[in-house]
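# Remarks on the overall topology
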Amino acid sequence: MKDVIDYQKIFSDVASKVSKMDDLGNVACYIPELGTVNPNKLGIHLTTVDQLHFHFGDATEKFSIQSISKVFSLTLALKLKGDKLWERVGYEPSGCAFNSLVQLEHENGIPRNPFINAGAIVICDVLVSSLDNPKDDLLDFIKCTSGIDDISYNEKVVHSEKETGYRNYALANFMKSFGNLNNEVDCVLDFYFHLCSIEMSCKDLAQAFLYLADAGVNPITNTTVITARRSKRINSIMQMCGFYDEAGEFAFKTGLPGKSGVGGGIIAVHPGKYCIAVWSPKLNKNGNSYKGMALLEGITTRSNNSIF
Ligand code: GLN
């Protein structure tokens, strides 16, 4: 059955309300290249599993998706390694910042989940070991399953992250010392920084993540991206871990599995119904889009359409 909610009206109403909020937060200056983005950008795109599209603002402009891409890398690693993956990374919420080091020592170098930086770095190590050409193969996987051809890495962002990624180097070296990285730190981090530098628009994201709303199959390309069971599990990890120490806040106020990135993007999924991506570059203190969180809260509240 078609979704008959008037999202177009809801988007413009909610965006107008959000534009009147205090203009808080900052773009992610700790990666200097991300600091060059126009902080006033704002985009929304929703795609239903029936392939209806609704959009608002800068929905077709590409931006740095940053940690949103950690869902793609997890999907590919799970496809290649199956449940053995969980021997090297957990699936519990961390309750800590995305780049935190504190839990790793107590937990012997096994990161809490695949969405904090440490966990995503382990997933990158798995992909570097399993793929012939990790960078090309990852992009091909995203392009083929989504049906979107113009997806690329931004080498300026990669360079900027390499120059300033002291914490990521610390995390990778620490895990290497525990024996939880099989490849060399520089090689794994080169792939990790590329993963974070992928550029996509809200429209691209809503389309590419539709497999999580349709039991593992992207209905646009008709490709089975992952099994239905694993798709459910990825959604559950997004629900619990997608916003780091603010995962509870997002579940509480928006009520959808989701994943944020420090480029100011957020993807959220309503299994069985739709995918929605929002973009607003200014971040709150937890590294999540300040207005993006407010937009999604407003949209699921107005449409009365969350998973709870
Ligand atoms: N590239 C960023 C980092 O490693 C990704 C962080 C994020 O989007 N939360 O710090």
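In this text, all values refer to a predicted model and were calculated from it rather than measured experimentally.

Rules behind the numbers
- Sequence positions are assigned chain by chain, starting from 1 and proceeding in written order.
- pLDDT decides what is reported in this predicted model: residues at 70 or higher carry local features, side-chain atom pairs at 80 or more are listed and counted, and totals for whole chains, interfaces and linings draw on all residues regardless.
- Side-chain measures here rest on the full set of heavy atoms in the structure, leaving out hydrogens and waters.
- For this description, a residue counts as near a given molecule or strand if any of its non-hydrogen atoms is within 4 Å of it.
- Here a polar contact is recorded for every N or O atom pair within 3.5 Å, except that within protein the pair must consist of a potential hydrogen donor and a potential acceptor, and residues adjacent in sequence are included only if both atoms are side-chain atoms.
- With residues, only the protein chains shown are counted as cover, and all accessible areas are computed by Shrake-Rupley using a 1.4 Å probe.
- Residues were grouped as follows: Ala, Val, Leu, Ile, Met, Phe, Trp, Tyr, Cys and Pro as nonpolar; Asp, Glu, Lys and Arg as charged; and all remaining residues, including Gly, as polar.
- Here the rule is simple: two strands pair whenever DSSP picks up at least two bridges between them.
- Secondary structure is summarised from DSSP: a helix means a run of H or I of at least four residues, a strand means a run of E of at least two, and numbering begins at the N terminus for each.
- Only the stretch in contact is used when fitting a helix axis, every axis being a line fitted to C-alpha atoms; angles between N-to-C directions are given from 0 to 180 degrees.
- Here roughly perpendicular refers to angles of 65 to 115 degrees, roughly parallel to angles under 35, roughly antiparallel to angles over 145, and oblique to all remaining angles.
- Note on convention: near helix rotated counterclockwise from far helix by under a right angle means a left-handed crossing. Clockwise means right-handed.
- Contacts are residue-level and defined by heavy atoms, with any inter-residue pair within 4.5 Å sufficient.
- Centres within 6.5 Å are what make two rings of Phe, Tyr or Trp a pair, Trp counting through its six-membered ring; a difference in plane orientation under 30 degrees is then read as stacked, over 60 as edge-to-face, and the rest as tilted.
- A simple rule labels every residue: compare its accessible area, found with a 1.4 Å probe on the protein chains alone, to the largest value its type can have, and call it buried under 20%, exposed over 50%, or partly exposed in between.
- Between the first and last residue of a helix there are one fewer steps than residues, each counted as 1.5 Å, and that sum is the expected span.
- The arc in question is traced by the directions running from the helix axis to the C-beta atoms.

## A closer look at the site of the ligand
Taken together, 13 residues lie around the ligand, and Tyr30, Gln66, Ser67, Glu161 and Tyr192 are the ones closest in. For the ligand, a nitrogen atom lies 2.7 Å from a polar atom in the side chain of Glu161. Relative to its free-state accessible area of 300 Å², the ligand is covered by the protein chains to the extent of 99%. The class makeup of the residues in the shell around the ligand is seven nonpolar, five polar and one charged.

## A few points about the sheet that holds strand β10 (residues 274–279)
Strand order in the open sheet made by the five strands is β2-β1-β10-β9-β8, with antiparallel pairing throughout. Whereas interior strands pair on both sides, the edge strands pair on one side only; in this sheet they are β2 (53–57) and β8 (258–260). Adjacent strand axes in the sheet meet at a mean angle of 5°, parallel and antiparallel pairs treated alike. In terms of strand pairing, strand β1 (residues 43–48) meets β2 through five bridges, oriented antiparallel. Looking across to β2, one finds that Gly43 is bridged to Gly57.

## What to know about the packing of helix α6 (residues 155–164) against helix α8 (residues 185–196)
Close contact between α6 and α8 brings their axes to 9 Å; oriented N to C, the two are set at 130°. When the axis of α6 is compared with that of α8, the two are oblique. Note on packing geometry: the crossing formed by α6 with α8 is right-handed. Together, Glu155, Val158, Glu161 and Lys162 of α6 and Asp190, Phe193, His194 and Cys196 of α8 make up the contact between the two elements. Considering only residue class, the contact of α6 with α8 consists of three nonpolar, one polar and four charged.

## So, the packing of aromatic side chains
Taken as a whole and judged by the stated rule, the model has 13 aromatic pairs. Each ring, one from Tyr7 and one from Phe11, has its centre 5.9 Å from the other, and the planes form 40°; the classification is tilted. A residue pair is termed a helical-turn pair when its members lie 3 or 4 positions apart in one helix, as Tyr7 and Phe11 do in helix α1 (residues 7–19) at four residues. In this pair, the class of Tyr7 matches that of Phe11, namely buried. Through pairs of rings, three or more aromatic residues link up here, namely Tyr7, Phe11, Phe54 and Tyr274.

## Some remarks on α1
For α1, which comprises 13 residues, the first-to-last C-alpha distance of 18 Å matches the rise-based estimate of 18 Å (1.5 Å per residue) to within 8%. Every buried residue belonging to α1 is among Tyr7, Ile10, Phe11, Val14, Ala15 and Val18, and all of these are buried. Seen along its axis, α1 keeps its buried residues to an arc of 125°; they face one direction.

## Quick notes on the sheet that holds strand β4 (residues 152–153)
Pairing is antiparallel in the open sheet, where three strands are placed in the order β3-β5-β4. Two strands lie at the open edges of the sheet, namely β3 (63–64) and β4, each paired on one side alone. Two elements, β3 and strand β5 (residues 198–200), share two bridges in a ladder whose sense is antiparallel. In the strand pairing of β5, Ser64 is matched with Glu199.

Just distances and angles here, no functional claims.
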